[in-house]
Amino acid sequence: MGLSNNIWASPADYLRNHAPEHPVLFFSPEILQANAHRFLSGFPGFVTYAVKANPDEAVLQNLVNAGICGFDVASPVEIDTIARLAPHAAMHYNNPVRSRSEIKHAVKAGVKSYSVDSRSELEKLGELVPSEGVEIAVRFKLPVDGAAYNFGAKFGATVDLARDLVMRAQALGFTVSLTFHPGTQCTDPAAWASYIHAAAGIGRDTGVRINRLNVGGGFPSHRLNDVIPQLDATFALIDRVTDEAFGADRPALVCEPGRALVAESYALATRVRAIRDDAHVFINDGIYGALSELHLVGVIDRIDAFGPEAQLRTGDPVLRTVFGPTCDSTDKLPSEIGFPCDMQEEDHVIFYGVGAYSVATATRFNGFGNLTVEIVQSQTCALRALAA
Ligand SMILES: *Cc1c(COP(=O)(O)O)cnc(C)c1O
């Protein structure tokens, strides 16, 4: 994936000059840094970034420059990337299942924090990781709703098992913490409240002092025009509920957002390949490309369409089914999207807020998916303001 050296004023500025045939991602370092500052100044604890959401080096570098100094890593490659780009940053190895060689790699790289959700993996850590100054964060799960996509199906101990793991981790000499992940794109802040109360209960029941509480990622990004994430209210709720639940034993808080830190800093320009019989819209990217997570998390309807001179299409929206370019019938967006009625073949359609789980998971299936990245100063559509 190429990253150009030009900085464009906006996506429209680039489209006017290039009319690209392949999908193009527009990265705004300024938006990324502003989002990082929002977390750093608003979250009542230590802010780490979940590398898997977008491991692009320009993203990592900008986060470091903005002051992010902790990273949630899940593999030796992610560990090595962070060790190289941010040698003084804290690494939290929060993939709760690791091979023995992966654990040895982490120990060598100086990783001091590991999550765990099972007896077998805790014993492995006990054998391979010297406990001195090392944190074990027991990851637990609750049957709560609110996320677009539940992470509890794969990871997380029940509260019962979490109590056992907390006591065993303490017996092994580790510093004991707790962690959870409410599920990605979690638009219901009450999910955090349930988890924080349960964490305090685990501490009380075991009599083990919980050193830190990592409240996960899961913070939502702005995907639908009508659903605006309430980030500051969620931070305030986490702060208040931690006080209520733990009282004088309040642990230090950690968060590890992926999506909410990076999503807004990328927009994706696709091209309309065809409007089939005035009904279905076929674009040149889809669920095998940068829109890969839409069928798991739901559609993004924050879009703009631009004509051949990059003029903003302003017709009334018409709902249409959208297909990606491959011949696979699953290559279809999960719901219809409202496109301006004056949109035409060869127009460009920009999807906003696609920085998370897009470049990280895109494929070249069927020969499509040649993505390039351009840097932009701003993603706001100046033409939209003019047209309004
Ligand atoms: C993926 C992941 C995250 C980031 O989740 P988002 O929903 O992108 O914020 C955080 N922590 C862990 C352990 C993860 O696996």
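Here the structure is a predicted model, which means the values were calculated and not measured.

Rules and cut-offs
- Residues numbered from 1 in each chain as written.
- Predicted model: local features only at pLDDT ≥ 70, side-chain atom pairs only at ≥ 80, totals over all residues.
- Heavy atoms only, no water.
- Helix = DSSP H or I, 4+ residues; strand = E, 2+ residues; numbered from the N terminus.
- Rg over C-alpha atoms; globule rule 2.2 N^0.38 Å.
- Buried < 20%, exposed > 50% of the residue type's maximum accessible area, 1.4 Å probe, protein only.
- Contact = heavy atoms within 4.5 Å.
- Areas by Shrake-Rupley, 256 points an atom, 1.4 Å probe, with all protein chains shown as cover.
- Lys, Arg positive; Asp, Glu negative; His and termini not counted.
- Charge placed at Lys NZ, Arg CZ, Asp CG, Glu CD.
- Near = heavy atom within 4 Å.
- Polar contact = N/O pair within 3.5 Å; in protein donor to acceptor, adjacent residues only side chain to side chain.
- Nonpolar A, V, L, I, M, F, W, Y, C, P; charged D, E, K, R; others polar.
- UniProt positions renumbered as here; feature names shortened; annotations may be inferred.
- Pairing = 2+ DSSP bridges.
- Axes fitted to C-alpha atoms, helices over the stretch in contact; angles between N-to-C directions.
- Parallel < 35°, antiparallel > 145°, perpendicular 65-115°, else oblique.
- Left-handed = near helix turned anticlockwise from the far one by under 90°.
- Disulfide = S-S within 2.5 Å.
- Arc of directions from axis to C-beta.

Moving on, we come to the overall build of the protein. Along the backbone of the protein there are twelve helices and 21 strands. A globule of 388 residues ought to have a C-alpha radius of gyration of about 21 Å, and the protein, at 22 Å, matches this closely. Taken along the three principal axes of its C-alpha coordinates, the protein extends 65 × 40 × 40 Å. Taking all 388 residues of the protein together, 54% fall into the buried category. The long-range share in the protein, meaning contacts at least 24 apart out of those at least 6 apart in sequence, stands at 73%. Of the roughly 16,100 Å² of accessible surface on the protein, a fraction of 51% belongs to carbon and sulfur atoms. Side chains of the protein give 32 positive and 44 negative charges; the mean places of these two sets differ by 6 Å.

A word on the site of the ligand. In the vicinity of the ligand lie 15 residues, with Lys52, Thr184, Gly218, Glu256 and Tyr357 positioned nearest. Here Thr184 contributes a side-chain N or O atom positioned 2.4 Å from an oxygen atom of the ligand. A total of 390 Å² of accessible area belongs to the ligand in isolation, and the protein chains cover 94% of it. Residue composition of the shell around the ligand, by class: four nonpolar, six polar and five charged.

This brings us to the UniProt feature "modified residue: N6-(pyridoxal phosphate)lysine" (unreviewed entry) in the protein. Per the UniProt record, the feature "modified residue: N6-(pyridoxal phosphate)lysine" (unreviewed entry) sits at Lys52. Within the secondary structure layout, Lys52 lies in the loop between β4 (49-50) and α3 (57-66). Residue Lys52 is classed as partly exposed on the basis of its relative accessible area, which comes to 40%.

In this structure, His197 sits in helix α8 (residues 190-206). For the pair His197 and Ala245, spaced 48 residues apart in sequence, the C-alpha to C-alpha distance is 5.4 Å. Not counting residues up to four positions away in its chain, the partners in contact with His197 are Val241, Glu244 and Ala245.

By secondary structure assignment, the location of His92 is in strand β6 (residues 90-93). Take His92: its relative accessible area is 4%, and that puts it in the buried class. Of note is the side chain of His92, whose polar atom sits 3.2 Å from the side chain of Arg212. Each residue touching His92, except ones within four places of it in the same chain, is listed here: Phe46, Thr48, Phe71, Asp72, Val73, Ser113, Arg212, Asn214 and Val254.

A separate point is the sheet that holds strand β5 (residues 70-73). Taken in spatial order, the nine strands line up as β3-β13-β12-β10-β8-β7-β6-β5-β4 in an open sheet, and their pairing is parallel. Because the sheet does not close on itself, it has two edges, and the strands there are β3 (46-47) and β4.

Bringing the packing of helix α5 (residues 100-108) against helix α6 (residues 119-128) into the picture now. One way to put it is that α5 packs onto α6 with a least axis distance of 10 Å and a crossing angle of 45°. Taken as axis vectors, α5 and α6 run oblique relative to one another. α6 is crossed by α5, and the crossing has right-handed handedness. In contact with Arg100, Ile103, Lys104 and Val107 of α5, α6 contributes Lys124, Leu125, Glu127 and Leu128.

Another aspect to go through is the state of the cysteines. Disulfides are covalent bonds that link the sulfur atoms of two cysteine residues. Tallied over the full model, the rule gives zero disulfides. For the unlinked cysteine Cys69, the closest cysteine sulfur is that of Cys255, found at 12 Å.

Bringing the pairing of strand β16 (residues 303-306) into the picture now. The two faces of a sheet get side chains in turn, since along a regular strand they alternate between them. Across the two faces of β16 the burial is the same, with Ile303 and Ala305 and Asp304 and Phe306 all buried. Where β16 lies against strand β20 (residues 348-352), four bridges are found, and the strand directions are antiparallel. Bridge pairing in β20 links Asp304 to Ile350.

Another aspect to go through is the UniProt feature "active site" (unreviewed entry) in the protein. What UniProt calls "active site" (unreviewed entry) maps, in this numbering, to Cys327. Among the structural elements, Cys327 can be located in the loop between β18 (322-323) and β19 (337-340). Since its relative accessible area comes to 74%, Cys327 is described here as exposed.

This paragraph deals with helix α4 (residues 76-85). Listed as buried for α4 are Glu78, Ile79, Thr81, Ile82 and Leu85. One side of α4 carries all its buried residues, which in axial view fall inside an arc of 165°. For α4, the exposed residues set more than 90 degrees away from the buried face come down to Val77 and Arg84. Residues of α4 that are buried make contact with α3, β5, β6 and α5.

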